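An overview of the molecular structure
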Amino acid sequence: MHLDHPGHSHHGSAVGADAHRPDGTRRALRIGLGGPVGSGKTATVAALCRELRDQLSLAVVTNDIYTREDAEFLLRNAVLPPERIQAVETGACPHTAIRDDISANLEAVEDLEDAVGPLDLILVESGGDNLTATFSKGLVDAQIFVIDVAGGDDIPRKGGPGVTTADLLVINKTDLAPYVGSDLERMARDAREQRGDLPVAFTSLTGEDGVAPVAAWVREQLAAWTAAA
Ligand SMILES: Nc1nc2c(ncn2[C@@H]2O[C@H](COP(=O)(O)OP(=O)(O)O)[C@@H](O)[C@H]2O)c(=O)[nH]1
Ligand SMILES: [Mg+2]
């Protein structure tokens, strides 16, 4: 339990919101993925879909500023059938669409549940922003913040709400650490200092099964969600 992070349930897990739809059926667990542009959010979503789609009923919402590029990448790579992927175009401010005016995202989530539900899990990828973008708790039940080692190994030390409060911090592209001179030990130490007991996963999505630690965390969240419902 993390007493310094309100909103955490008594199960030692991030999820704790109302697990039911108005008609009494259990709704999907919603997990947000935020973080700077290029850190590997879409790659993480794609890898999670491949890892989980055989056991779970999944859908994805993407947020792009003016395009549908992330959704198109997921479609091109056939990680899910097209009817399970919805794109929200956010205009100039991607953080607004996941934090302040979440109506378009909520509509996308609800449309997916109506169209292809019942769903176990909906992944919502943010449009990519700076280090301050976090999801409204009205939109997602838990959030992952994705940074990468090539963005500089001082990012965990600099903190910010994403790094400090996300339910899971993913530090991606560990395969690049030797080339960009990033010190993974130092990143782990700094992250621990900022986050206390909140978990951190180091990933490299170029490797076989590189998303495994994130998938394991998602499965834990889902188990807690199902137990609560
Ligand atoms: N070397 C390496 N490249 C990665 C990794 N994960 C993602 N990438 C690449 O980084 C670029 C940006 O990834 P993307 O998922 O689109 O980032 P997003 O903007 O956060 O959604 C793409 O070219 C990916 O192929 C990784 O673990 N290692
Ligand atoms: Mg993306």
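Residues numbered from 1 in each chain as written. Chains lettered and ligands numbered in written order. Predicted model: local features only at pLDDT ≥ 70, side-chain atom pairs only at ≥ 80, totals over all residues. Heavy atoms only, no water.

1. Looking at the site of ligand 1
- Surrounding ligand 1, one finds 16 residues, the nearest of these being G38, K41, A43, D175 and L205.
- With respect to ligand 1, the side chain of K173 contributes an N or O atom lying 3.1 Å from an oxygen atom.
- In isolation ligand 1 exposes 580 Å². Once the protein is present, 67% of that is buried.
- Ranked by residues supplied to the shell around ligand 1, first place goes to helix α1 (residues 41-52) with three residues.
- For the shell around ligand 1, a count of residues per class yields five nonpolar, seven polar and four charged. (Near = heavy atom within 4 Å. Polar contact = N/O pair within 3.5 Å; in protein donor to acceptor, adjacent residues only side chain to side chain. Areas by Shrake-Rupley, 256 points an atom, 1.4 Å probe, with all protein chains shown as cover. Helix = DSSP H or I, 4+ residues; strand = E, 2+ residues; numbered from the N terminus. Nonpolar A, V, L, I, M, F, W, Y, C, P; charged D, E, K, R; others polar.)

2. Considering the pattern of salt bridges
- Under the defined criterion, the tally for this structure stands at six salt bridges.
- Across the pair E72 and R68 runs a salt bridge, and its minimum N-O distance is 3.8 Å.
- A residue is classified by how much of its surface remains accessible, and E72, at 37% relative accessible area, is partly exposed.
- The network of salt bridges with common partners includes D153, R186 and D190. (Salt bridge = Lys/Arg side-chain N within 4 Å of Asp/Glu carboxyl O. Buried < 20%, exposed > 50% of the residue type's maximum accessible area, 1.4 Å probe, protein only.)

3. Considerations on the pairing of strand β6 (residues 168-172)
- Counting buried positions along β6 gives five out of five residues, so the element sits mostly inside the fold.
- Here β6 shows two buried faces, one formed by L168, V170 and N172 and the other by L169 and I171.
- Pairing geometry for strand β5 (residues 142-148) and β6, over five bridges, is parallel. Its bridge partner lying in β6, D148 is registered against N172.
- Relative to strand β7 (residues 200-202), β6 runs parallel, the two sharing three bridges. The residue bridging I171 from the neighbouring strand is F202, located in β7. (Pairing = 2+ DSSP bridges.)

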